[in-house]
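If you want the building blocks of each chain, they are given just below.
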Amino acid sequence: LKSTGFFQYVAVRTLRATKGNILLLSGLFSALIALFSMVLDNVTTMIMFMPIIFFVADTAGFNPFGFTAVMILASNIGGCMTLVGDPPNIIIGNASKIPFMTFSGLVLAPLLLTYITLMLISRFKILKGLSSVSGKKEEIQGLRLDGVITNRKLMYVSLGTLVVVVIGFIMHSIVDIEMSLFAVLGASFLLLYTGKDFESVATEVDWNAILFFIGLFSLAHSLESTGITGELSTLALNLSSNPAVLSMLILWVSGMIAMVTGAIPVVTIFIPIVAQLSVHYPLQYDLWIALALGANLGGNGTVTGHLANVMCFEMVNKEYGNRHSFLDFMKIGFPSAIISLGISNIYLVVRLALFS
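Residues numbered from 1 in each chain as written. Predicted model: local features only at pLDDT ≥ 70, side-chain atom pairs only at ≥ 80, totals over all residues. Heavy atoms only, no water.

Visitor: Quick one: what's the story with the overall build of the protein, residue by residue and with numbers?
Guide: When you go through the protein residue by residue, the secondary structure sums to 17 helices and zero strands. Out of the 356 residues belonging to the protein, those deemed buried represent 50%. Partitioning the contacts of the protein with sequence separation of at least 6, the portion at a separation of at least 24 is 76%. If you sum the accessible surface of the protein, you get close to 16600 Å²; carbon and sulfur atoms cover 67% of it. (Helix = DSSP H or I, 4+ residues; strand = E, 2+ residues; numbered from the N terminus. Buried < 20%, exposed > 50% of the residue type's maximum accessible area, 1.4 Å probe, protein only. Contact = heavy atoms within 4.5 Å. Areas by Shrake-Rupley, 256 points an atom, 1.4 Å probe, with all protein chains shown as cover.)

So, in structure tokens, the structure goes:
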């Protein structure tokens, strides 16, 4: 899809539709980024949108740091919505075997409320000074769409393939086929359709991330086989035999640690612990949901919480002269993370009260 110019086309259409209103643009961009992050991963989505964000900032004449931070948070929220949108969710899905749609249905309410809260905070605080760029309307309206899409036929085929793959994700628990197989089949079809050799496409694959996942799964298995996670699980049960407190413990501890170490290491460590604790929990998947919400939303609190945070932060500093610090991002991300964890906490307690 990226090679066809599809994402550039969507960005330019959005720019022209807003007619220079930065607040409207931030709302549309954040919605698009959240949606793309659900089926692509949030890192890929943000990398594709960053040049467009820089273009908007340069055209309108403002520092894009706050705007970028809002987009990063929206991307992470969208990525948390599905089992394939964010690396921690991929790990959780593999360990819990939770169906694709079941997961999305369980996290929908807290993530939707979190997204709405983010939009309100950005409107009245983070982006308060960026009301409009009326002086640049003509320049933005003058952006041409001709030639943006380089291969229209391939774009349609790629979009159709993506839809089929996502349907496969949704149906995987019914047909009892791993989600990864649908993704590989979709990629293989496009490889055959385009006639490209694998070597030319392989450079686009993030092999470091794949090897990273292999190492994480090995680490999780080692912790489980040595009995360390069993002892931690027993300790957690002894600390709280109350299911509500147990889910809150998983949510807040994973969230706070994710701000320091990042979401992926936290999920890796917690996987075998949650697997053992879930047996004793009244609702089958809720501890997994607590872990997903805790790690993903807690990771919004600092630059180091998500890989997307780090990469986009570095891109902004490189483009605009290293003028922003760890604390600058934390001033935006930390309040959002705490509010979103609070929303998730209330949601988990209410679910327990209603359905246990």
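Visitor: How would you explain empty space enclosed by the protein if you had to name every residue and give the values?
Guide: By the definition in use, this model includes one cavity of 30 Å³ or more. Of the pockets and cavities examined, the largest cavity occupies roughly 30 Å³. With four residues, the top contributor of residues to the lining of the largest cavity is helix H4 (residues 65-79). Partitioned by chemical class, the residues of the lining of the largest cavity number seven nonpolar, one polar and no charged. (1 Å grid on protein atoms, 1.4 Å probe; cavity = no way out; pocket = protein on both sides within 12 Å on 5 of 7 lines; lining within 4 Å. Points joined across faces, edges and corners; volume = space filled by probe spheres on them. Nonpolar A, V, L, I, M, F, W, Y, C, P; charged D, E, K, R; others polar.)

Visitor: I'd like a rundown of the layout of surface pockets, residues and numbers included.
Guide: In this model, the second largest pocket occupies a volume close to 290 Å³. Forming the walls of the second largest pocket are 18 residues, and the residues nearest its centre are Leu35, Met38, Val39, Thr82 and Val166. Looking at the lining of the second largest pocket, the elements with two or more residues in it are helix H1 (6-18), helix H2 (22-39), helix H6 (100-126) and helix H8 (152-175). The leading source of residues in the lining of the second largest pocket is H8, at five residues. Looking at the lining of the second largest pocket residue by residue, the class counts come to 16 nonpolar, two polar and no charged.

Visitor: Summarise the side chain of Ser37; cite the residues concerned and give the values.
Guide: Tracing the chain through its elements places Ser37 in helix H2. A polar atom in the side chain of Ser37 sits 2.7 Å from the backbone oxygen of Ile33. Here Ser37 is in contact with Asn42, Thr45, Ser75, Gly78, Gly79 and Gly85, once residues within four sequence places are set aside. (Polar contact = N/O pair within 3.5 Å; in protein donor to acceptor, adjacent residues only side chain to side chain.)

Visitor: Any chance you could break down the nonpolar core for me, citing the residues and the numbers?
Guide: Counting 92 residues, the largest nonpolar core has Phe29, Phe67 and Leu291 as its most contacted members. Sort the elements by how many residues they give to this core and helix H3 (residues 42-60) lands first, with 10 residues. For Leu291, the residues in contact, after removing those within four places along its chain, are Ile92, Ile250, Ser254, Val267, Phe270, Ile271 and Val274. (Core = buried A, V, L, I, M, F, W, Y, C linked by side-chain atoms within 4.5 Å.)

Visitor: Explain a nonpolar patch on the surface to me, and be specific about the residues and the numbers.
Guide: Residues Met101, Val163, Ile167, Ile170, Met171, Ile174, Val175, Ile177, Leu181 and Leu185 make up a contiguous nonpolar surface patch of about 850 Å² in total accessible area. Among the secondary structure elements, those contributing two or more residues to the nonpolar patch are H8 and helix H9 (179-194). If you tally residues by element for the nonpolar patch, the top one is H8, at six residues. In this structure, Val163 sits in helix H8. The class of Val163 is partly exposed, set by a relative accessible area of 48%. (Patch = residues over 30% accessible without salt bridge, like charges linked within 9 Å, V, L, I, M, F, W, Y side chains within 5 Å. Salt bridge = Lys/Arg side-chain N within 4 Å of Asp/Glu carboxyl O.)

Visitor: Which residues make up the pattern of salt bridges, and what are the values?
Guide: On inspection of all chains with the given rule, the structure shows two salt bridges. One salt bridge connects Lys97 with Glu178, and the closest N-O pair in it is separated by 3.5 Å. Linking Lys97 in the loop between helix H5 (87-96) and H6 with Glu178 in the loop between H8 and H9, this pair joins segments that are 81 residues apart in sequence.

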